[in-house]
Amino acid sequence: MRGASFPSLTTKIHSKRSVMKSHIFNLRILNKLIALLLTAIIFFVIATPVYAANGAKPHVINAVRSNSVVTLNNQVHRFHTFNLFGQNHIRIRDLASMLSGSLMQFSVDWNSELRIIQLQIGRPYNPVGGELSLRPTNVKTGTFTNTRISINNNEHTLSTIHIGGETFFRTRDIADAMGFSLRWNPESRSITLGAGSLRIEYTTTPYEGPGSTVRLLDPNRPVVALTFDDGPSSNTNLVLDALGEHGVPATFFVLGSRISANSATLRRTANAGHEIASHAWSHRSLTRLSNEQIRTEVTDTSNAIRYVTGITPTLLRTPYGATNRRVEGVLESMGFPLIHWSLDTRDWESRSQTAIFNATMNHVRDRDIILMHDIHEPTAHAVRRIVPALLTRGYQFVTVSELMCYSRITLMPGIEYRHGR
Ligand code: ZN
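Residues numbered from 1 in each chain as written. Predicted model: local features only at pLDDT ≥ 70, side-chain atom pairs only at ≥ 80, totals over all residues. Heavy atoms only, no water.

### What to know about the overall build of the protein chain
Here's step 1: Across its full length, the protein chain holds 12 helices and 20 strands.
Here's step 2: Surface summary for the protein chain: the accessible area is close to 20900 Å², and the carbon and sulfur share equals 53%. (Helix = DSSP H or I, 4+ residues; strand = E, 2+ residues; numbered from the N terminus. Areas by Shrake-Rupley, 256 points an atom, 1.4 Å probe, with all protein chains shown as cover.)

### A closer look at the confidence of the model for the protein chain
Here's step 1: Overall, the predicted model of the protein chain reaches an average pLDDT of 86, with 84% of residues at or above 70.
Here's step 2: This model gives residues 1–21 a pLDDT under 50, and the stretch forms 14 contacts once residues within four places in sequence are excluded.
Here's step 3: Every residue in residues 43–57 scores below 50 in pLDDT, and together they form 13 contacts with partners more than four places removed in sequence or on other chains. (pLDDT = per-residue confidence, 0-100. Contact = heavy atoms within 4.5 Å.)

### A word on the coordination of the zinc ion
Here's step 1: Bound to the zinc ion are the protein donor atoms Asp230 (OD), His279 (NE2) and His283 (NE2), situated 2.1 to 2.2 Å from the metal.
Here's step 2: Sequence spacing of the donors to the zinc ion: D-x48-H-x3-H. Residue Asp230 is located in the loop between strand S13 (223–229) and helix H5 (236–246), and its partner His279 is located in the loop between strand S15 (275–278) and helix H7 (291–309); the two are separated by 49 residues in the primary sequence.
Here's step 3: Relative accessible area serves as the criterion here: at 10%, Asp230 is assigned to the buried category.
Here's step 4: Take His279: its relative accessible area is 1%, and that puts it in the buried class. (Donors = N, O, S within 2.8 Å, 3.2 Å for Na, K, Ca; no water. Buried < 20%, exposed > 50% of the residue type's maximum accessible area, 1.4 Å probe, protein only.)

### Structural notes on the side chain of His373
Here's step 1: Along the chain, His373 turns up in strand S18 (residues 368–373).
Here's step 2: On the basis of relative accessibility, which here comes to 8%, the residue His373 falls in the buried class.
Here's step 3: Dropping the residues within four chain positions of it, His373 is found in contact with Phe228, Asp229, Asp230, Asp347, Trp348 and Thr379.

### Regarding H7
Here's step 1: For H7, with 19 residues, the first-to-last C-alpha span of 27 Å sits near the 27 Å given by 1.5 Å per residue.
Here's step 2: Within H7, burial applies to Ile294, Glu297, Val298, Thr301, Ser302, Ala304, Ile305, Val308 and Thr309. With its buried residues spanning 160° around the axis, H7 presents them on a single face. Residues of H7 that are exposed and point over 90 degrees away from its buried face: Glu292 and Tyr307.
Here's step 3: Against the buried residues of H7 lie strand S14 (251–254), helix H6 (263–271), S15 and helix H8 (325–334).
Here's step 4: Count one or two residues on from H7 and you reach Gly310, which has phi positive near 80°. (Expected span 1.5 Å × (residues − 1). Arc of directions from axis to C-beta.)

### Considerations on the pairing of S13
Here's step 1: Buried residues dominate S13, accounting for 7 of its 7 residues.
Here's step 2: Both faces of S13 are covered, namely the face carrying Val223, Ala225, Thr227 and Asp229 and the face carrying Val224, Leu226 and Phe228.
Here's step 3: Two elements, S13 and S18, share 6 bridges in a ladder whose sense is parallel. Note on S18: the bridge partner recorded for Ala225 is Ile369.
Here's step 4: Where S13 lies against S14, 3 bridges are found, and the strand directions are parallel. The residue of S14 that forms the bridge with Phe228 is Phe252.
Here's step 5: Tracing the backbone out of S13, into H5 and back to the parallel element S14 gives a crossover that is right-handed. (Pairing = 2+ DSSP bridges. Right-handed = clockwise from strand over helix to strand, strands pointing away.)

### Here we look at the packing of H5 against H6
Working note: a packed helix pair is described by the angle between its axes plus the distance between those axes.
Here's step 1: Between H5 and H6, whose axes approach to 10 Å, the crossing angle comes to 20°. Classified by the interaxial angle, the pair formed by H5 and H6 is roughly parallel. Judged by the twist between their axes, the crossing of H5 over H6 is left-handed. Residues Thr236, Asn237, Leu240 and Asp241 of H5 pack against Thr265, Arg268 and Thr269 of H6.
Here's step 2: In terms of residue class, the contact of H5 with H6 is made up of 1 nonpolar, 4 polar and 2 charged. (Axes fitted to C-alpha atoms, helices over the stretch in contact; angles between N-to-C directions. Parallel < 35°, antiparallel > 145°, perpendicular 65-115°, else oblique. Left-handed = near helix turned anticlockwise from the far one by under 90°. Nonpolar A, V, L, I, M, F, W, Y, C, P; charged D, E, K, R; others polar.)

### A word on the pattern of salt bridges
Here's step 1: Considering all chains together, one arrives at 17 salt bridges under this definition.
Here's step 2: Close ionic contact of Glu155 with Arg148 constitutes a salt bridge, the shortest N to O distance being 3.0 Å.
Here's step 3: Accessibility expressed as a relative area gives 31% for Arg148, which makes it partly exposed.
Here's step 4: Among the salt bridges present, the one from Arg346 reaches Glu349, with a minimum N-O distance of 2.9 Å.
Here's step 5: The partly exposed category is assigned to Glu349, whose relative accessible area is 47%. (Salt bridge = Lys/Arg side-chain N within 4 Å of Asp/Glu carboxyl O.)

### Describing unusual backbone geometry
Here's step 1: Along the chain, Gly231 connects to Pro232 via a cis peptide bond; the corresponding omega equals 0°.
Here's step 2: Topologically, Pro232 is positioned in the loop between S13 and H5.
Here's step 3: Unlike most non-glycine residues, Phe85 shows phi in positive territory, near 50°.
Here's step 4: Considering the arrangement of structural elements, one finds Phe85 in the loop between strand S2 (75–84) and strand S3 (87–91).
Here's step 5: A residue is classified by how much of its surface remains accessible, and Phe85, at 30% relative accessible area, is partly exposed.
Here's step 6: A positive phi angle, near 50°, is found at Arg189, a position not held by glycine.

### Some thoughts on the environment of Asn146
Here's step 1: Structurally, the position occupied by Asn146 is in strand S6 (residues 141–151).
Here's step 2: Of the residues examined, Asn146 reaches a relative accessible area of 58% and is grouped as exposed.
Here's step 3: Separated by 10 residues in sequence, Asn146 and His156 place their C-alpha atoms 10.0 Å apart.
Here's step 4: What Asn146 contacts, discounting residues up to four positions off in sequence, is Thr157, Leu158, Ser159 and Thr160.

Structure representation (structure tokens):
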């Protein structure tokens, strides 16, 4: 729109109207353009999450956990921080606890009425329990938030990330708001905070283990879990290519019997960050097997997945979605929740990429688990269209475990789940 206005502006300058008139007209257009531009800038500043401005619109945003440690007055403080877009994020109580008793100390109070965190610089910090927590361990998703904080009664609204029930602030934002200097020393992986003559340095080391990366989701946008059954097969690679193009994760319910012939493909799937789950061994309906046969099918599949990827699957989808109380009892004793689906693309039936695309796009809902099969080539072609179409609609992609974690659904062995609602 704005670009299209310029030629008409030029035309006006060369029109037969008086120079004065055209000047006024141009000024009016120019004013309008400036107003429009300002509105656009204000809109983008408000509407674009601050984090999105830091990268080339990544579809998958991970916060990476670090273990941080500082020795102050001969006391060792250990806490965890998160790195997001190369920026250190810290829990406010960890910072307060660490600086407690120093010249940089400050108090922290939560004003539940005003829903604001109140800090007073110079006041002693009052621990309220759960300080310097090294949680969370098994959290898989977090969200972007904004948090109101007042520092010596000056109010700020800061971009924060919410992970495992805790709010993490960008350390630099807090330092700026408090008037502390902050320096990142890449060689020693340490952060130096300063105020006056005081210098405090804490080092961060990458944390390895469960919860080392946390996928961040925008709570104002829908989420969906794509799932693929019956692989691994040669067509799985086409599905992985399609997902990889947009960097989105999915969950693969694999058949134990197919693993040894396609072990490289399964390894590739796991290395790309997708979730590997069990679909039992032979694709026989578990309802027709004895308890002992079910146990063998499930155990053998878990062992095969572990042998190839090092991952122990925690989710199971029964072949055909077939189940009964007896099957659920056996799976309960083995610790497996049953993960079925809320949207069946019927790709195994139609084998048509257009039909698969339409089945998905016409019926998709927030927190769906979508059923597809990575053994069919049309499915891979459909995925290539479905992923960008869902991204355009604002959908965020998660694995099944992430969907449940994000939806605060605690998975129980022997219980069937169809979605994250
Ligand atoms: Zn199947």
